[in-house]
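Working through the structure, step by step
What follows is each chain in one-letter form.
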Amino acid sequence: MASVLRVLVVDDSAVVRQGVLLLLEHVPGMKVEVASDPLIARQKMKSRRPDVILLDLEMPRMDGLTFLRELMREDNPVPVVVCSGLAGPGSETAVRALQEGALEIIAKPQLGVGDFLRESRARLVEALRNAARARSRLARRGPPAKVEVEPPERLLERPLSSLLTVTTDKVVAVGASTGGTEALRQVLEPMPPDCPGIVIVQHMPEQFTSAFAKRLHEICRIEVKEAEQGDRVLQGRALIAPGNRHLRVRRTGGHYQVELMDGGRVSGHKPSVDVLFQSVARAAGENGVGVLLTGMGEDGAEGLLAMKLAGAETIAQDEASCVVFGMPRAAIQRGAVDEVVPISAIAGAVLRRARRIRTP
């Protein structure tokens, strides 16, 4: 990131443009330019490319989602933080913006915008800096990855005890942060209906996870839902931790269930990937598969190491396909990772390792 962080504010509201200028003009190392719509923004970007864009969604001449989609199609897209009244918690628009490539969502009230901006200054600065640190190699949509699935007749050849070990006792735990919404799509969309049960922590604000899970459910062959207290971890089901709740997996007899918890942040986050991974290490041991995807910081690194020490299989997304190679890098440096693969190959790696039968 350059010594001066160049921010381009694209918003048709003069109040917002002026408010952001006043808020950020005294922030060390930050320079702000403004544009009242995406077409003007395009003209400004020709002369000087920003490090990050603060984008409204409801604008004249071109809506923000269309502009965001165009930005993400570029070879070197600019990281985008969405700040919009249309992107309220749990809204379909907010989830679409995340899936189109936005790295952060800040819901803007319809009234009292000036007060909101002043109250949210610290969060706004943090979001812009985090987005600017993110790699510009933002994931693009593509066809679902092809996953090699063993034919049913091969499974039928196995003894019953092996089948039970493979299908009912495996737990796949996945952690993701910045860029994770698209990464998770690429992991879950190819999964077959008989895949092992999956539990997920994606760093996402409260009330967004339900709509995110619903959208994934619509495009995947497996069930995807926001986790509820006591939900069972089942074949063909992916459970996503609700925003602002920690998720742990516990074993009850021959089954796994999820437990939702309050409490403080762990590794800087709530929900925390470390909390999830450490619970799977205790509950599933060698029947666990841990996956750490793109994200900033180190959440999940210690938990993935705990899973590996407990005998679980562990996988990390490679640097080339990450939006931010923070969390996977931290886990690799700790020696917590068995295999490093691109995002397009993670679904296949999960299935291969989950179906590996351990001999006593």
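That block above? That's the structure.
What counts and what doesn't
Residues numbered from 1 in each chain as written. Predicted model: local features only at pLDDT ≥ 70, side-chain atom pairs only at ≥ 80, totals over all residues. Heavy atoms only, no water. Helix = DSSP H or I, 4+ residues; strand = E, 2+ residues; numbered from the N terminus. Expected span 1.5 Å × (residues − 1). Buried < 20%, exposed > 50% of the residue type's maximum accessible area, 1.4 Å probe, protein only. Salt bridge = Lys/Arg side-chain N within 4 Å of Asp/Glu carboxyl O. Contact = heavy atoms within 4.5 Å. 1 Å grid on protein atoms, 1.4 Å probe; cavity = no way out; pocket = protein on both sides within 12 Å on 5 of 7 lines; lining within 4 Å. Points joined across faces, edges and corners; volume = space filled by probe spheres on them. Nonpolar A, V, L, I, M, F, W, Y, C, P; charged D, E, K, R; others polar. Core = buried A, V, L, I, M, F, W, Y, C linked by side-chain atoms within 4.5 Å. Pairing = 2+ DSSP bridges. Axes fitted to C-alpha atoms, helices over the stretch in contact; angles between N-to-C directions. Parallel < 35°, antiparallel > 145°, perpendicular 65-115°, else oblique.

Points about helix 14 (residues 343-354)
Between the first and last C-alpha of helix 14 there are 17 Å, a value that for 12 residues agrees with the 16 Å anticipated at 1.5 Å per step. Turning to helix 14, its buried residues are Ile-343, Ile-346, Ala-347, Ala-349, Val-350, Leu-351, Arg-353 and Ala-354.

Looking at the pattern of salt bridges
Within the structure shown, the criterion is met by 19 salt bridges. A salt bridge links Arg-42 to Glu-70, with the shortest nitrogen-to-oxygen separation between them at 3.8 Å. Placement of Arg-42 in helix 2 (residues 38-47) and of Glu-70 in helix 3 (residues 64-72) is noted, with a sequence separation of 28 residues between them. Between Glu-302 and Arg-334 there is a salt bridge, and its shortest N-O distance comes to 2.6 Å. Placement of the pair is Glu-302 in helix 12 (residues 301-309) and Arg-334 in the loop between helix 13 (327-333) and strand 14 (339-341), with a sequence separation of 32 residues. The class of Glu-302 is partly exposed, set by a relative accessible area of 40%. Arg-334 gets classed as partly exposed once you look at its relative accessible area, which sits at 30%. The network of salt bridges with common partners includes Glu-313, Glu-339, Arg-352 and Arg-353.

Side note on the side chain of Ser-279
As for its placement among the helices and strands, Ser-279 is situated in helix 11 (residues 273-284). Overall, Ser-279 belongs to the buried group, its relative accessible area being 2%. Every residue in contact with Ser-279, bar those within four places of it in the chain, is listed here: Leu-247, Arg-248 and Val-249.

Observations regarding the layout of surface pockets
One way to see where empty space is left: roll a probe the size of a water molecule over the atoms. In this structure, the largest pocket encloses a volume near 810 Å³. Lining the largest pocket we find 28 residues, and of these Glu-104, His-203, Met-204, Pro-205 and His-269 sit closest to its centre. The set of elements that each furnish at least two residues to the lining of the largest pocket consists of strand 5 (104-107), helix 6 (121-133) and helix 9 (180-188). For the lining of the largest pocket, the per-class residue count stands at 10 nonpolar, 12 polar and 6 charged.

Notes on the nonpolar core
In summary, soluble globular proteins display a tendency toward joint burial of nonpolar side chains. Counting 58 residues, the largest nonpolar core has Ile-53, Ile-198 and Leu-293 as its most contacted members. Formed by 32 residues, the second largest nonpolar core is a distinct cluster that contains Val-171, Ala-241, Leu-292 and Val-337.

Quick look at the sheet that holds strand 8 (residues 223-226)
Strand order in the open sheet made by the 7 strands is 8-9-7-6-12-13-14, with parallel pairing throughout. Across the chains shown, the open sheet's two edge strands, defined by having one partner strand only, are strand 8 and strand 14. For this sheet, the mean angle separating the axes of adjacent strands, direction not counted, is 20 degrees. Direction of pairing for strand 7 (residues 197-202) relative to strand 9 (residues 237-240): parallel, over a ladder of 3 bridges. Bridge pairing in strand 9 places Val-199 opposite Leu-239.

Notes on the environment of Ala-176
With respect to the element layout, Ala-176 can be found in strand 6 (residues 171-176). The contacts of Ala-176, once residues within four sequence positions are left out, are Val-201, Gln-202, His-203, Val-273, Leu-293, Thr-294 and Met-327.

A short note on empty space enclosed by the protein
In the structure shown here, the tally under the stated rule is 4 cavities of 30 Å³ or more. Estimated volume of the largest cavity: approximately 70 Å³. In terms of lining residues, the largest cavity is bounded by Arg-6, Val-7, Leu-8, Lys-31, Glu-33, Lys-44, Met-45, Arg-48, Arg-49 and Pro-50. Counting only elements with at least two residues in the lining of the largest cavity, the list comes to strand 1 (5-10), strand 2 (30-35) and helix 2.

Thoughts on the packing of helix 11 against helix 12
Two elements in contact, helix 11 and helix 12, have axes separated by 7 Å at closest approach and are oriented at 10 degrees. As the angle between them shows, helix 11 and helix 12 are arranged roughly parallel. Listed contacts from helix 12 to Asp-274, Phe-277, Gln-278, Val-280 and Ala-281 of helix 11 are Ala-301, Glu-302, Gly-303, Leu-304, Ala-306 and Met-307. Classifying every residue of the contact of helix 11 with helix 12 gives 7 nonpolar, 2 polar and 2 charged.

No statement about biological role is implied by the geometric values presented.
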